[in-house]
Amino acid sequence: MSAIALIPAYNPDERMIGLVEELNREQFDIIIVNDGSDPSYKSMFDRCARLAHITGYDVNMGKGHALKFGMSFIRDYRPEAEYFITADADGQHSVKDICHMRNALEGGADFVVSVRDLKRRSTPFWSRVGNGFSRFMFTIANAHYLPDNQSGLRGFSVKHIDWMLRVKGEKYDYELNIILFAEKQGLKISRIPIETIYFDNNAGTHFRVFKDTLLIYARYFETNIFVVISVIIEFIAVIVTT
């Protein structure tokens, strides 16, 4: 059975085409969700259509919405699927690492996140700072440290799709909410290290390091304010009593 690679894409460039070609050589079943890209990018999707299934919609809704749209497609049109892997369209996830993710799922893991070495010199300064800020905020929000909570390369058993579709978030906040919800359920989250890849100092990303990170956690704090307060109180109590 082919592994499914789910790729949300918004205004992609040539790197998506290269990614699809490599994934096809590795015998992945590729599903691309066009997240309301500008019509001028139609040729990019057309060039991938012979190797991947293209689905999507006309108005940009956000990465979280695109992932949910793709998961609904898998549930409805790939009933034989056992697991799927999410990867970004901008080439920041190597096919080698996507294959490692597949190996982890085939080995029995059913909820896998990837962890980048964000302390490397090759990591753009603002990306390093933004990811550090995100890790700090995640620790406050969840009383738990996760080395990398923003990497889009993840692998899941299809048995998780139903509850994942119910998780709130339509933008980048959705990926964080998935991890938080999984931890609250006590799910075992496996981790695999991956290569840290940035192109042109991360100039092509649609993720705005500080603005989107702040929006992500603002939404979380708004809906989980009492949890956050209790964590802060516990943290202060530990400091006072030690």
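See the structure shown above.
Residues numbered from 1 in each chain as written. Predicted model: local features only at pLDDT ≥ 70, side-chain atom pairs only at ≥ 80, totals over all residues. Heavy atoms only, no water.

(A) Spatial organisation of the environment of L19. Structurally, the position occupied by L19 is in helix α1 (residues 14-25). Take L19: its relative accessible area is 5%, and that puts it in the buried class. Sequence-wise, L19 and D88 are 69 residues apart; in three dimensions their C-alpha atoms are separated by 9.4 Å. Setting aside its immediate chain neighbours within four residues, L19 contacts I7, D88, A89, H93, V95 and I98. (Helix = DSSP H or I, 4+ residues; strand = E, 2+ residues; numbered from the N terminus. Buried < 20%, exposed > 50% of the residue type's maximum accessible area, 1.4 Å probe, protein only. Contact = heavy atoms within 4.5 Å.)

(B) Layout of α1. Over its twelve residues, α1 runs 17 Å from end to end, which matches the ideal 16 Å to within 8%, given 1.5 Å per residue. Listing the buried residues of α1 in full gives M16, I17, L19, V20 and L23. Buried residues in α1, looked at end-on, bunch into an arc of 160 degrees, giving them a common side. The secondary structure elements touched by the buried residues of α1 are β1 (4-9), β2 (29-35), α2 (42-48) and α4 (95-106). Positive phi appears at Q27, one or two residues downstream of α1, with a value of about 65 degrees. (Expected span 1.5 Å × (residues − 1). Arc of directions from axis to C-beta.)

(C) Main features of the pattern of salt bridges. Enumeration according to the criterion identifies eleven salt bridges in this entry. A salt bridge links D13 to R15; the shortest N-O distance between them is 2.7 Å. Bridged by salt links that share partners, the residues K63, D88 and E175 form one connected network. (Salt bridge = Lys/Arg side-chain N within 4 Å of Asp/Glu carboxyl O.)

(D) How the structure looks around the packing of aromatic side chains. If you walk through the whole model with that rule in mind, you get six aromatic pairs. Seen from their ring centres, F84 and F156 are 5.4 Å apart, and the 40 degrees between their planes marks the pair as tilted. Here the residue F84 occupies a position in strand β4 (residues 83-86), and F156 occupies one in strand β6 (residues 154-157), the gap between them amounting to 72 residues. When the centroid spacing of 6.3 Å and the interplanar angle of 10 degrees are considered together, the rings of F111 and W163 count as stacked. With F111 in strand β5 (residues 111-116) and W163 in helix α6 (residues 161-166), the pair connects residues that are 52 residues apart, well separated along the chain. (Phe/Tyr/Trp six-rings, centres within 6.5 Å; stacked < 30°, edge-to-face > 60°.)

(E) Looking closely at the environment of A49. Here A49 shows up in the loop between α2 and β3 (53-57). Along the primary structure A49 and I31 are separated by 18 residues, whereas in three dimensions their C-alpha atoms are 9.7 Å apart.

(F) View of the sheet that holds strand β7 (residues 190-194). Spatially, the seven strands line up as an open sheet ordered β3-β2-β1-β4-β6-β5-β7, and their pairing is mixed. Only two strands of the sheet have a single neighbouring strand rather than two, namely β3 and β7. Across the sheet, the mean angle separating the axes of adjacent strands is 20 degrees when strand polarity is ignored. Of the pairings in the sheet, the one linking β5 to β6 comprises three bridges and is antiparallel in character. Residue pairing across strands places F111 opposite F156, the latter belonging to β6. Running at roughly 160 degrees to β2, α1 makes contact with β1 and β2 of the sheet. This element, α4, spans β4, β5, β6 and β7 of the sheet and lies at about 155 degrees to β4. (Pairing = 2+ DSSP bridges. Axes fitted to C-alpha atoms, helices over the stretch in contact; angles between N-to-C directions.)

(G) Region of the structure containing the nonpolar core. One finds M16, V20, L23, F28, I30, I32 and I98 to be the most contacted residues of the largest nonpolar core, which totals 30 residues. In contact with L23, not counting residues within four places along its chain, are A5, I7, F28, I30, V95 and I98. (Core = buried A, V, L, I, M, F, W, Y, C linked by side-chain atoms within 4.5 Å.)

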